[in-house]
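For reference, the chains in residue letters:
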Amino acid sequence: MTRWRKLRFNLMTAVLLPGALPACSRSEIPLETRIANALPAQTVHASGETIAVATANADAADDPAIWRNAADPAQSLIVGTDKKAGLYVYGLDGKVRDFTDAGRVNNVDLAEHDGRIIVAASDRNDPLNAHVALYALDKATAKLSPIGRVPSGAGEAYGICLYRDAATLYAFMVIKDGTIRQVALDLTGGTPTGRIVRTMKLGTQSEGCAFDPVSARLYVAEEDVGLWRFDARAGGAVDPVKVAAADGKAIVADAEGVAVADGYVVVSSQGDNAYAVFRLSDEAYVGRFRIAAGTLGATEETDGIEIAAGDFGPAYPDGLMIAQDGANPPRAQNFKLVRWGEIKAALGL
């Protein structure tokens, strides 16, 4: 949940409950104070942006995923959610290549599996029961074709990320209350099925997640608490290990989107419009950055992020970061594209 929505909720509470407004004023720390109290952040700029989502005047754009076209990197694709309406497919030029009316889908991830590009979204059209919404992405036409929906237990679907071992494709479904279910997906039949193989738990509202294939670790952001990791293997331990606290320094609550790439895990420090970077090998903090206004606008109140290393053509020869932009006036929310190499250079990585 973005901080402006929390503030709006508090203000509504203040109207309904006499005497609540002074408490609200005390609890809402001004953005300038949050920035001043946090660790310093380097500055980078967006090199591109997507067309804004169609849902205007709402917290709508949320989470991106990247498919890298190894044969022609400049023709790589981005999948992004409008959590009020469905899924977009964009080219690296930011233009819309496809839109699928999927309703309320929150987060998205993708993986190549059995010769197909599988796109999985956290489907919360039923707020009482989570589902994994599955699609196949056609790399030639950039079109999404529905495969089906897989139940993933009670609760409102929030975050999702995919993990593939030698035999099985898994979806980690992050429920809004902090429950995390590992779902083994079977896509061999006409209708996809799933089996919950493990359940893990964080204490409060959680969303963003990412998987590190090198260490087989799952990283999950608990919004007001910080960044955690789990063993991603189906038979692994279910106990979380804290990587970093949302202490107002490296991460300023909310801790939102999570991305893993190139030996680093990056977390959206939504509370001060920044991003915190940790080295995967020892999970040490290595720096922070902001996407500031330049030729294109800055990013604010970022929900989902994604990073992919490698060549993405002339515009992004050294990797690509996608960040949801929670404030993109005068248009609706969209996604900003940043050279990953520029971020590494700014942080001296």
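The structure displayed is predicted, hence computed values, not measured ones.

Asker: So what about the sheet that holds strand 4 (residues 77-82)? Which residues, and what values?
Answerer: Across the sheet, which stays open at both edges, the 4 strands sit in the order 3-4-5-6 with antiparallel pairing between neighbours. Strand pairing shows two members of the sheet lacking a second neighbour, strand 3 (61-67) and strand 6 (96-101), which therefore form its edges. On average, each strand axis in the sheet is inclined to that of its neighbour by 20 degrees, with strand direction left out of account. Inspection of the sheet shows strand 5 (residues 86-91) paired to strand 6 by 5 bridges, in the antiparallel sense. Across the sheet, Tyr90 pairs through a bridge with Val96, a residue of strand 6.

Asker: I'd love a proper account of the nonpolar core, names of residues and values included.
Answerer: Counting 19 residues, the largest nonpolar core has Val132, Leu134, Leu169, Met173 and Leu185 as its most contacted members. Elements with a contribution of two residues or more to this core: strand 8 (116-123), strand 9 (129-137), strand 10 (144-154), strand 11 (157-164), strand 12 (169-175) and strand 13 (179-186). Contact partners of Val132, with chain neighbours within four places excluded, come to Ala120, Ala121, Gly148, Arg149, Val150, Ser152, Ile160, Ala171 and Met173.

Asker: Outline helix 4 (residues 340-347), listing residues and values.
Answerer: Considered for burial, the residues of helix 4 that qualify are Trp340, Gly341, Ile343 and Leu347. Buried residues along helix 4 cover an arc of 160 degrees about the axis, so they all sit on one side. Gly348, located one to two residues past helix 4, shows a positive phi value of around 70 degrees.

Asker: Kindly report on the pattern of salt bridges, identifying the contributing residues and their values.
Answerer: This structure, assessed with the given rule, holds 20 salt bridges. For Arg279, the salt bridge identified is with Asp282, shortest N-O distance 2.9 Å. Salt-bridge contacts for Asp325 lead to Lys336; the nearest nitrogen and oxygen are separated by 2.7 Å. With a gap of 11 residues between them, Asp325 in strand 24 (residues 320-325) and Lys336 in strand 25 (residues 334-339) connect regions that are remote in the sequence. Neither Asp325 nor Lys336 differs from the other in exposure class; each is buried. Ionic contacts of the salt-bridge type, sharing partners, join the residues Glu49, Asp325, Arg331 and Lys336 into one network.

Asker: Requested: an account of the layout of surface pockets, with residues and values cited.
Answerer: Looking at the largest pocket, its volume works out to about 930 Å³. Lining the largest pocket are 37 residues, with Asp109, Leu110, Phe211, Val260 and Glu306 positioned closest to its centre. Listing elements by their share of the lining of the largest pocket, those giving two or more residues are strand 3, strand 7 (105-113), strand 11, strand 15 (206-212), strand 19 (255-261) and strand 23 (305-308). Top element by residues in the lining of the largest pocket is strand 7. It accounts for 6 residues. Grouping the constituent residues of the lining of the largest pocket by class yields 25 nonpolar, 4 polar and 8 charged.

About the cut-offs
Each chain has its residues counted from 1, running along the sequence as written. In keeping with the model being predicted, local features are shown solely for residues with a pLDDT of at least 70 and side-chain atom pairs are shown and tallied solely at 80 or more, while totals for entire chains, interfaces and linings include all residues. Hydrogens and waters are ignored; side-chain quantities use all the structure's heavy atoms. In this description, strands pair whenever DSSP reports at least two bridges between them. To qualify as a helix, a DSSP run of H or I must reach at least 4 residues; to qualify as a strand, a run of E must reach at least 2; elements of each kind are numbered from the N terminus. Axis lines are fitted through C-alpha atoms, for helices just across the contact stretch, and the angle between N-to-C directions can take any value from 0 to 180 degrees. In this text, buried Ala, Val, Leu, Ile, Met, Phe, Trp, Tyr and Cys residues form a nonpolar core when linked through side-chain atoms within 4.5 Å. Exposed residues in this analysis have more than 50% of their type's maximum accessible area, buried residues have under 20%, and partly exposed residues fall in between, with area computed by a 1.4 Å probe over protein chains only. Whether two residues touch is decided by their heavy atoms; if any such pair falls within 4.5 Å, the residues are in contact. By definition, the arc is the one covered by directions from the helix axis to the C-beta atoms. Between Lys or Arg on one side and Asp or Glu on the other, a salt bridge is scored when a side-chain nitrogen of the former is within 4 Å of a carboxyl oxygen of the latter. The distinction between a cavity and a pocket rests on a 1 Å grid over the protein atoms alone: a 1.4 Å probe fits inside a cavity but cannot get out, while a pocket stays open yet meets protein on both sides within 12 Å along at least five of seven lines, and a residue with an atom within 4 Å of a point counts as lining. Grid points are joined across faces, edges and corners, and a volume is the space filled by probe spheres set on the points. For this classification, the nonpolar set comprises Ala, Val, Leu, Ile, Met, Phe, Trp, Tyr, Cys and Pro, the charged set comprises Asp, Glu, Lys and Arg, and every other residue, Gly included, is treated as polar.

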